[in-house]
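# Understanding the architecture of this molecule
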Amino acid sequence: MASARARPALHQAAEQVIAVQAHYAAAGVGLAQAALGGARRFDTLRHYPAGDVIDRAGHSQFYYHAHDSHRRPALEHGHFHLFVRGSEPGGFFHLAALSLDAHGWPLRWFTTNRWVTGERWVDATTAIAAIPGFQPRAQGRLAPVARWLSAMVALHADALAALLRRRDTMVARRLQHTPAEQLFEDRRLDVITQTQVSLPRRLQHIAGMARPTPQET
Amino acid sequence: MKTRQTRQRPLAESLSALLLATALVAPAAQAADPAPAPKAGASAPAKAGNPCGPANPCGPAKKKKKSDNPCAPSNPCGPKKG
């Protein structure tokens, strides 16, 4: 359960999420469309935007794309990959990914195996410590998308922390009978953990309109 | 307590307005496979699983190296094809 001190921050994040979605909705656009940044085509595996949104000062990076996976929800349009960049060249780790449906409503957060992004693997404690700092700034038409993602991370910080801890537990269990390199390069294991997202319900809870579900506590 | 109530009310109202507004949002077009690339420019095969996929299909974008001559062929010293 979020502490009393965290409530104003949660409110602020909720307001930000609503403000950005309402801004796009007024133009008949959802976050899934906005994430494409005005691209005319939506090609499988291509990054949107090309070259990603990279906030070097803020050590954060993200992009949106789509592809098949055996754990892809039927309603998924695409997903954001969120990265935390280290100070050394090429040093980054994957914080989490966020799936959206075609109307731009979030469906799930998920973590991935190391080979999926080629990341420098860090433990959950390190990743969780980076959650509050994930506030990418972008210029131009993707600036609201960056604000929305920052707010989504803040809004689901507890769920993300739990997701990352579960990932480590699952990895630790498998490492008991599988060599590390074999596990981290196992092409059959792409998504390690996932958790469903009901953004309206999460926002209703923060607005005092609904009781929290177990994943919201 | 009063502050919390006054803050919650606009949030609840703006959420209700958002839920109404998003009912009018058009669904985004689904992703389609891009046109196949010419064989000469094809990337190296992945290690396993998907033989045509990149090694790290979801890795972040890498900084592109600036070529001295942007119009040069990708393998300037390769044998002539065909």
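These lines cover the structure that appears in this document, whether it is placed above or below. Bear in mind the structure is a predicted one, so any value in this text is a computation, not a measurement.

### Description of the nonpolar core
Residue and element names in this part refer to chain A.
- Residues Ala14, Val17, Ala35, Leu82, Ala96 and Leu149 are the most contacted members of the largest nonpolar core, which totals 60 residues.
- Considering each element in turn, this core owes the most residues, nine residues, to helix H5 (residues 143–155).
- Apart from the residues lying within four places of it in its own chain, the contact partners of Ala96 are Leu82, Trp109, Phe110, Thr111, Leu160 and Leu163.

### A look at the interface of chain A and chain B
- Taken together, the 46 residues of chain A in the interface contact 31 residues of chain B.
- Ranked by residue count, the leading element in the side of chain A that touches chain B is helix H1 (residues 7–25) of chain A, at seven residues.
- Here the residues of the side of chain A that touches chain B sort into 21 nonpolar, 20 polar and five charged.

### Some points on the environment of Gly91 of chain A
Residue and element names in this part refer to chain A.
- Tracing the backbone shows Gly91 in the loop between strand S3 (76–85) and strand S4 (92–101).
- The sequence separation of Gly91 and Trp105 amounts to 14 residues, and the corresponding C-alpha distance is 31 Å.
- Once you skip the residues sitting within four places of it in the chain, Gly91 turns out to touch Arg85, Gly86 and Arg120.

### Observations regarding the pairing of S4 of chain A
Residue and element names in this part refer to chain A.
- Summarising burial for S4: eight of the 10 residues are buried, a large majority.
- Bridge count for S3 against S4 is nine bridges, and the pairing is antiparallel. Bridge pairing links His81 to Ala97 in S4.
- Where S4 lies against strand S5 (residues 106–112), four bridges are found, and the strand directions are antiparallel.

The rules behind each value
- By convention here, each chain's residues receive numbers from 1 onward along its written sequence.
- Chain letters and ligand numbers both follow the written order, the letters beginning at A and the numbers at 1.
- Totals for whole chains, interfaces and linings use every residue, but because this is a predicted model, local features are given only for residues with pLDDT of at least 70 and side-chain atom pairs only at 80 or more, for both listing and counting.
- Each nonpolar core comprises buried Ala, Val, Leu, Ile, Met, Phe, Trp, Tyr and Cys residues, the members being joined through C-beta atoms within 7 Å.
- Exposure classification rests on a simple neighbour count of other C-beta atoms within 10 Å of a residue's own: a residue reaching 20 or more is buried, one at 12 or fewer is exposed, and one in between is partly exposed. C-beta atoms are placed from the backbone.
- The helix count covers DSSP runs of H or I at least four residues long, the strand count covers runs of E at least two residues long, and both are numbered beginning at the N terminus.
- The contact criterion used here is simple: two residues whose C-beta atoms, placed from the backbone, lie within 7 Å are in contact.
- Each residue gets one label: Ala, Val, Leu, Ile, Met, Phe, Trp, Tyr, Cys and Pro are nonpolar, Asp, Glu, Lys and Arg are charged, and the others, such as Gly, are polar.
- Between any two strands, pairing holds if DSSP finds at least two bridges.

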